[in-house]
Each structure stands twice: as C-alpha cells, then as structure tokens.
Amino acid sequence: MRKLTVGDIADHRAYERERDEFRTRIIEMKRRRRIALGDLLSIVFENTDTMRWQVQEMARAERMLTDDAIAEEVRTYNDLIPDANELSGTLFIELTDDEKLREWLPKLVNIQHAVRFDLADGSRVDAVPDDEERLTRDDVAATVHYLKFPFSARQQELLAAGPTRVVVEHPDYRAVAELTEAQRAELARDFSE
C-alpha cells in the first residue's frame, strides 16, 4: 500500500475547502473498516486514506505550517499504513468510565497479543504488535494498540472468499466477530493497493 508523502498533505486553506467532504468519506470508510469485538474492544483497519485524515487533522489542530513539521507527522503515521501482504489495525479499548477503566485495564494486560484472524481452512493470522515498547506497562493495558497482521498469498485469498472471523482470546476477555462479505471485500482490497 502506498505510503504518504508531504505532498499528499494539503495546506490549511486547501484542506478547509475539502474537509467536510473528506470527513464524510472517511467516516463512512471507517464505519466499514471498524470491527466490534464484544462490548469492550474494537479494531479499525487503517489504510493510506485513514492515515492522511489523521495527519491532516493533526496539522490543522496543531497549526503546522512547515514541511518539516508535517514530514514528522507523515513519518509517524506511515508506520500505521500496512506494508505489502499485511493488514494494519488500531485496537481500541472502548471504555470512558473511570471505574470501568480501573477495573479492566489491569485485566487486559497483553491484549495486543490475543487478537487474530481465523480463516476458512483453519489457519490463523496472529496480531504482531507495533510500537509495543511505548504502549506497554506491566500492570495496565494501554487503551490503544497498533497491530499488524501478516498474510500469506493463500490467506489473502481465504480472507476474500470467507468465512473469516476476528478473534480475541485473552484469559480475561474473549470475543469473536464474523466478518460480513462487505467487510471482507473492504479489507481484501488493502492487499492490492
């Protein structure tokens, strides 16, 4: 999948002109790319467009005006764009209540190692955590984790054909999401971009 360049990031005035339409498109795209994993977790599968949105919004919020500042954001977010033969997802612990956070974050330590795809032939594609050293503590889970999923050519075909499940199998939390045909098609496109 194509990585971002500084040239992909519109300046402030140009971005303001396109922002409403771009925002609507990204919201719809993320709706198709978000998989609920039980009541506590969700994963959004990232691509070049979702990461361009993130950089544009950061540049807008931080009033970044120099190519150097934007280049740093591009470098950071390019790590979340999948490389060839992989999917890239942002795993969210969807808790906002302080009491629930205190209850669940200690229980969900190492949740980033408990996510996988189960494919029709019985094979699985395990998550490979990215930026783990920054996001991991021994006593509580981070609320956001960046995951990569390396697929073989055969596993890519199986994902597209289905059935496919995203599974969380952690000692304190289990969830299974059966992907719809539309979700499988959306994710399978990432392998050809």
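Look above for the structure.
Calculation criteria
- Starting afresh in each chain, residues are numbered from 1 along the sequence in its written order.
- Given that this is a predicted model, residues contribute local features only at a pLDDT of at least 70 and side-chain atom pairs are listed and counted only at 80 or more, while totals for whole chains, interfaces and linings are drawn from all residues.
- Each side-chain value is worked out from all heavy atoms of the structure, with water and hydrogens disregarded.
- Strands were regarded as paired on the criterion that DSSP finds at least two bridges between them.
- Put simply, DSSP H or I for four residues or longer makes a helix, DSSP E for two residues or longer makes a strand, and each gets a number counted from the N terminus.
- Orientation is described by lines fitted to C-alpha atoms, with helices fitted over the stretch in contact, and by angles between N-to-C directions that extend from 0 to 180 degrees.
- Between buried and exposed lies partly exposed: a residue is buried under 20% and exposed over 50% of the maximum accessible area for its type, with that area taken using a 1.4 Å probe on protein chains only.
- When we speak of the arc, we mean the arc of directions from the helix axis to the C-beta atoms.
- Contacts are residue-level and defined by heavy atoms, with any inter-residue pair within 4.5 Å sufficient.

(A) Quick look at the sheet that holds strand β5 (residues 124–126). Read from one edge of the open sheet, four strands run β5-β4-β8-β9, paired in antiparallel fashion. Looking at strand neighbours, the two that pair on one side only are β5 and β9 (173–178), the edges of this open sheet. The sheet shows a mean angle of 20° between the axes of neighbouring strands, taken without regard to direction. Here strand β4 (residues 115–118) runs beside strand β8 (residues 165–170); their pairing, made up of four bridges, is antiparallel. Considered in β8, the bridge of Arg116 is made with Val167.

(B) Expanded view of the environment of Ser152. Within the secondary structure, Ser152 sits in the loop between β7 (144–150) and α6 (153–161). Judged by its relative accessible area of 33%, Ser152 falls in the partly exposed class.

(C) Here's a closer look at α6. Here α6 has its buried residues at Gln155, Gln156, Leu158 and Leu159. Across the axial projection of α6, the buried residues extend over an arc of 165°, all falling on one side. In α6, the exposed residues that point more than 90 degrees away from the buried face are Ala153 and Ala161. Looking at the buried side of α6, the elements it contacts are β3 (86–93), β4, β5, β7 and α7 (181–188). Of the residues flanking the end of α6, it is Gly162, one or two places downstream, whose phi is positive at about 75°.

(D) Representation of the pairing of strand β2 (residues 41–45) within the structure. In terms of burial, β2 is largely enclosed, as five of its five residues are buried. Where strand β1 (residues 34–37) and β2 come together, four bridges link them in antiparallel fashion. Note that in β2 the partner of Ala36 across the bridge is Ser42. From the end of β1 to the start of β2, which pair antiparallel, there are three residues, and Gly38 there has a positive phi angle of about 75°. Examined bridge by bridge, β2 and β3 share five bridges and lie antiparallel to one another. Each residue of the ladder has a partner; that of Leu41, found in β3, is Ile93.

Take it as geometry only, folks, not as evidence of what the structure does.
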